[in-house]
Structure formats: structure tokens, C-alpha cells
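Each chain, letter by letter, is given below.
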Amino acid sequence: MDTENYRALFCNPNWDYDTLEAADKIISKIGKEYLKLKTYPNQIEIVTSEQMLDAYSLTGLPTSYPHWKFGKDFVLNQNNYTKGRMGLSYEMVINSNPCISYNMENNSTCMMLLVIAHACQGHNAFFRNNYLFKEWTSAGTIVDYMVFARDFILKCEEEFGGDEVESVLDACHALMNHGVDNYKKPSRLSSVEENERLKKLITIKRENFNELWKTLPTGLKLPEPSPGEEQKFPKEPEENILYFIEKYAPALPAWKREIIRIVRKVAQYFYPQGATKVMNEGFATFTHYHIINKLFEEGYLNDGFMLEFLKSHSGVLYQPEYNSKYYSGLNPYTLGFNIFMDIKRICQNPTLEDKQWFPNLIEKDWLEQMHYVMENFRDDSFILQYLSPKVIRDMKLFTIVDNENDEEYEIGSIHNERGYKKIREQLSNQYDRSFHVPNIQVTKIDQHQTSKLYLTHYIQKDRRLDIESTQETLEHIRYLWEFPVELHSKNKLGINENTFEA
């Protein structure tokens, strides 16, 4: 098929499966040859609005275990969609190998090409090459693992009752943010290994079945102390609370431990996506912008197609002003795209200001720099390293000071050299995970009398715990641990400011 035939296909507003196959072929070719993208194989699925709503409720995964929240989200989104209170995204993509993307069936041909370039090349390449996704997720096994998780939860519901299982899931979901390893590389997911491990546990249980064993506590296997040494466990604070409960809860049955394990594995899978929202969307938008323009340059598209594309692309990047009633924070697509475009500009046409702020980018190959940035950063470090004064000016960014004792806000930083650094630092902090998730760690267990679990909250940047939500969270930990729980909130001097118990 020559360029003329492709243009006739792509510029026809009505698409068929031959159009999508041709679009995937040409876009993949441009992504590989022009942008040097390395991607997983693509699996494109055309879905109805009902199926897209289903994917929404399962957070994009093609299958998941049953839980009331997924059903509630589906009904809520369906009502909002059918009554015109919300729209649906044009696509949804998941980090898997092959990379599965869902495209809405009512997309126009232009929109189909845009989302194939955006999701099947941009997001796909980001999933495959960014260090967080490479080290913290298992793209090749997540779908099989979720099938295993669904089957296991269904079996638990048959054996122990739906209410009991959902109570465990409720508690685990409340603690998902505290079920992630931030620094320790987690083990790889494997549905085969998980099934083999479960079979082995069941075999051992059957071989050693005795009613007397039901009277013995299980799970808390602590190391023997050396002579004269006081036993303290854990020896080092543990940040992953779900992991600690799964491994060391004194009386937790095996099936509850397995549910905790499933939820913390899912939490770990989504951890990189939360840490790279700006980068991921910015890079995908940068990718579709360059691929579509390359298609136009090579004669695959006509002017009419480009007008529709530019309208959709502008809609993706729409950023309401700070004083608009539609303002709800910075659009991650806009912020990420602007920074990536600015890196390319600095490499190609630097100004005196750029030479002062980014000497390492001057006269470098822009494509090599794109790949380096995409592969080695996350949102907070990306903004801290590459947010330039030009982007700050273009997006009209500034900071405000909100002192609790003052009645009015104060403008903290404006567009001068000192202000640029302050704005960059403050915006970077907003994307740091510690800004949203308090630093709470397991520090001690009373092993001899009460089995009480002691937690410590380390106050950072004067951000203290909300009393009501802290108490509710402790109740969930108490439910899973099955013994008393105590939390101390300490400031940077190590002084305990507040104590919570459940």
C-alpha cells in the first residue's frame, strides 16, 4: 500500500479494522525509526462505553478480585455518564506485556490515530523503559496474577463468607499506601509461583492436620536473641505495614495473610504510576504530537485531519487560569508536555538564560536527552531538575504563603532568579510521595505480654496527622493485627507530640 492509499484510509472519518491495523503499523514504524522508542507488543481493544466504565472501576486492569467498591464505582460512573455529568476518556492503557490499550468505539479516525500514538507508543515506551516501572512492577505477569487473585478471593468467599472476606479487603485497602516498598526492591510477581506456593502450604496443612494445632498461635516467628542481648523486634523500623502484618501477625489465619499479600502486591504495581503521573502523560503527549506531525510531513495526512488533531491536542493541554472557576490544580499533561518540549528547545536553540540554568543540555542531541530523562526520573526529581524559568513564565507559576495565623494569603515567589528556584523546589515537593503519605513505621512489638504493635509517625515539614482519620486507620490495623495498636507521632527532635491507641 502506498502513501496515497494510507492517506485515503486515515483521512476518512469512518474507520474499520483495516484502518486501525494500518495506523498501528505506520505509527509503530515512525515511533521506532524517528523517536527510537522501544515498546512492548501492542494489544488494542475496541470497547463500548459500558466496557470503558467497567475498566474505570477496575482501575484499568482487565480483571480483578471482587469487592463492593468496584461495583460502587461502576454504578457511580455510569450514573454520571448517562446523565451527562462526566465524559469518558478516549483510551485507557495498562502496564502489561503485551501492552493492552482500550480505545472507545465511537472515536473518530483522527482520534484513533492520536490515541494509538499516545498510548501504544508514548505510554508503552514509558512503561517499558522508566526505571520505576522496570524495577518495581512485573508487566509480563500482572494479568495472570490478577486471575490468580480473583480465583483465590472467590474461594475464600465460598469457604469463609463474603462479609468476612470484604472486611479484610476493606482494612487492606485502607492501608494500601502503607503496603509499598519505597526503597527495597520487591520480588517479581509470578502467578505460577504463587499457585505452587499455595499448593505447598495446603499440602503441609493437610499432612499435619490436628485439632490441637488450632489452639496454637501462628505466624510470629522471631529470631532467637544472643545470650545477654535484649530482644527487640523489628531490629530496624519497617515502613511496609501490610508486609509486616502479613509476616508477623501473631494469630492471623493463612487465608487472611494471602489476601493481605494480594493487596500489597497490587499497591506495589500502582506505585510507579502515582510517582510519574506528570512525566508519563507529558511524554505520551510529546510522543503523539511528534508522531502525528511526522505523519503529516510524510504525506499520510491532509490539512483537514490536522485541524481536527490540533483541536483535540489543544483540549488535552487546556490549563484553566488560577482564578478560573474551572481551576482544579495543574494539568499533568500540560506541565509534563511543556517541560519535555522545553528540553528539546534548550538542546536546539538555547538562550543566555538557558546556558546559565542548563549547561549540561546545551548542544546535546535532543532525542538522547529525552530518552535519558524519560528513563531515569520521577515527577519530583523531573520538576526539580528540568522546570525552567521559561516554563515558569509561560505557565504563570507563582507560590503563595498560607500562614495559619494570618487572615490573608501572601505571594511568596515571583518571576526573578530567587523566585524561580523557590517555585521549582516547592512544586517538586508537591509531587513527592511524602507530601501525601505520612511516614509511619512499625518500630516495636511487645512480644512477652500483650502482643501490642507500636508504630511511630515521623512528622515531616510540620505536617501533622488528622486525628479522626488516624483513629480510623488504627482501627483497620487493629482488625488485621488482632491485638492492641499504639502510634506515637514524633517531631524532628524525637519528642512525642501525640499518642493514638486502638
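Our structure is the block above this text.
Here the structure is a predicted model, which means the values were calculated and not measured. (Residues numbered from 1 in each chain as written. Predicted model: local features only at pLDDT ≥ 70, side-chain atom pairs only at ≥ 80, totals over all residues. Heavy atoms only, no water.)

A. Here's a closer look at a nonpolar patch on the surface. A surface patch of nonpolar side chains, about 750 Å² in accessible area, is lined by Tyr 322, Tyr 327, Phe 398, Ile 400, Tyr 409, Ile 411 and Ile 414. Along the polypeptide, Ile 411 turns up in strand S5 (residues 410-413). (Patch = residues over 30% accessible without salt bridge, like charges linked within 9 Å, V, L, I, M, F, W, Y side chains within 5 Å. Areas by Shrake-Rupley, 256 points an atom, 1.4 Å probe, with all protein chains shown as cover. Salt bridge = Lys/Arg side-chain N within 4 Å of Asp/Glu carboxyl O. Helix = DSSP H or I, 4+ residues; strand = E, 2+ residues; numbered from the N terminus.)

B. Summary view of the state of the cysteines. For the structure on display, the rule yields zero disulfides. Cysteine Cys 120 shares no disulfide, and the gap to the nearest cysteine sulfur, in Cys 99, comes to 6.7 Å. (Disulfide = S-S within 2.5 Å.)

C. Focus on the side chain of Asp 354. Looking at the element boundaries, Asp 354 is found in helix H15 (residues 352-357). Residues contacting Asp 354, with those up to four places away along its chain left out, are Arg 345, Ile 346, Asn 349, Pro 359 and Ile 362. (Contact = heavy atoms within 4.5 Å.)

D. Seen up close, the environment of Ile 245. Along the chain, Ile 245 turns up in helix H10 (residues 241-248). Sequence separation between Ile 245 and Glu 482 is 237 residues, and the spatial gap between their C-alpha atoms is 9.9 Å.

E. Just the packing of H10 against helix H11 (residues 254-275), in detail. Interhelical geometry of H10 versus H11 gives an angle of 160° and a closest axis separation of 9 Å. Considering the angle they form, H10 stands roughly antiparallel to H11. The way H10 lies across H11 gives a crossing that is left-handed. Across the interface between the two elements, Leu 242, Tyr 243, Ile 245, Glu 246, Lys 247 and Tyr 248 of H10 pack against Arg 257, Ile 260, Arg 261, Val 263 and Arg 264 of H11. Residue composition of the contact of H10 with H11, by class: six nonpolar, no polar and five charged. (Axes fitted to C-alpha atoms, helices over the stretch in contact; angles between N-to-C directions. Parallel < 35°, antiparallel > 145°, perpendicular 65-115°, else oblique. Left-handed = near helix turned anticlockwise from the far one by under 90°. Nonpolar A, V, L, I, M, F, W, Y, C, P; charged D, E, K, R; others polar.)

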